[in-house]
Amino acid sequence: AQSVTQPDARVTVSEGASLQLRCKYSYSGTPYLFWYVQYPRQGLQLLLKYYSGDPVVQGVNGFEAEFIKSNSSFHLRKASVHWSDSAVYFCAVSAYQGGSAKLIFGEGTKLTVSS
Amino acid sequence: EAAVTQSPRNKVTVTGGNVTLSCRQTNSHNYMYWYRQDTGHGLRLIHYSYGAGNLQIGDVPDGYKATRTTQEDFFLLLELASPSQTSLYFCASSGTGGGYEQYFGPGTRLTVL
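Read on for an overview of the structure.

**Considerations on the state of the cysteines**
Counted by the stated rule, this structure contains 2 disulfides over all chains. Between the sulfur atoms of cysteine 23 of chain A and its disulfide partner cysteine 91 of chain A the distance amounts to 2.0 Å. One quick way to see it: the torsion about the S-S bond of cysteine 23 of chain A and cysteine 91 of chain A is about -65°, and its sign makes the bridge left-handed. Of the two residues, cysteine 23 of chain A is situated in the loop between strand 3 (19–21) and strand 4 (24–26) and cysteine 91 of chain A in strand 10 (residues 87–97); the sequence distance between them amounts to 68 residues. Pair check on accessibility: cysteine 23 of chain A and cysteine 91 of chain A agree, each one buried. A disulfide bridge connects cysteine 23 of chain B with cysteine 91 of chain B, and the sulfur atoms are separated by 1.9 Å. Between cysteine 23 of chain B and cysteine 91 of chain B the disulfide shows an S-S torsion of about -75°. By sign, it is left-handed. Of this pair, cysteine 23 of chain B sits in strand 3 (residues 19–25) while cysteine 91 of chain B sits in strand 9 (residues 87–94), and the two are 68 residues apart along the sequence.

See the structure below:
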């Protein structure tokens, strides 16, 4: 079955440090992949998406992610985090189940940026 | 501005009560979705719809009904609420199939006592 694993429930980094949030998916075909961010008391907002082409995709606010098919991974990266990046980050894969395409989400990684 | 709005933002009810959560989107999207978000589970799909009058069953549909009255409006109904349905509920819309990017509302926090 299709699934998404975010192995780190919580990550803490210092302001200005680099960041990597891990995501691995299970899907037999070519996946569509997404990263969403959820700020406190808000809905999810799309950070970036991968449909095809260049495996490194750029998103908003300096975020990027790299699709590595051989590793079934889609890790999120940022070169230098800011305190305002503190939020919960969700990785998602588009999967066909029961004849319909759906988004399957990981459990999320809560990022805390310390000053 | 295109958006997904939800009402109410917070709701408290008692076990056995009836609850209706509302969602409206002004994105002119065909697809709409209801999710619940619980710690340790991420987002789980309850029901979705690809147009007025259409309803598709999601992954965790038990205890929930839904109705899509117009392209803009999608409702989630809990007819006999239980404490296990205490959760944060999100509505989303998508312009194409569910496999493409979705746009989310701000959420409704439901507490069933």
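From this point, things continue past the structure.
**A closer look at the nonpolar core**
When a protein is soluble and globular, its nonpolar side chains tend to lie buried together. In this structure, Leu19, Trp35, Leu47, Leu48, Phe74, Leu76 and Tyr89 of chain A are the most contacted members of the largest nonpolar core, which totals 29 residues. Counting only elements with at least two residues in this core, the list comes to strand 2 (10–14), strand 3, strand 5 (32–38), strand 6 (44–50), strand 8 (64–68), strand 9 (73–78), strand 10 and strand 12 (109–114) of chain A. Looking at this core element by element, the count peaks at 5 residues for strand 10 of chain A. Among all residues touching phenylalanine 74 of chain A, those that are not within four sequence positions of it are Cys23, Leu33, Phe34, Trp35, Leu48, Tyr50, Val57, Ala65, Glu66, Phe67 and Cys91 of chain A. Among the nonpolar cores identified, the runner-up in size contains 17 residues, and Tyr64, Leu76, Tyr89 and Cys91 of chain B belong to it.

Conventions adopted
Residues numbered from 1 in each chain as written. Chains lettered and ligands numbered in written order. Predicted model: local features only at pLDDT ≥ 70, side-chain atom pairs only at ≥ 80, totals over all residues. Heavy atoms only, no water. Disulfide = S-S within 2.5 Å. Helix = DSSP H or I, 4+ residues; strand = E, 2+ residues; numbered from the N terminus. Buried < 20%, exposed > 50% of the residue type's maximum accessible area, 1.4 Å probe, protein only. Core = buried A, V, L, I, M, F, W, Y, C linked by side-chain atoms within 4.5 Å. Contact = heavy atoms within 4.5 Å.

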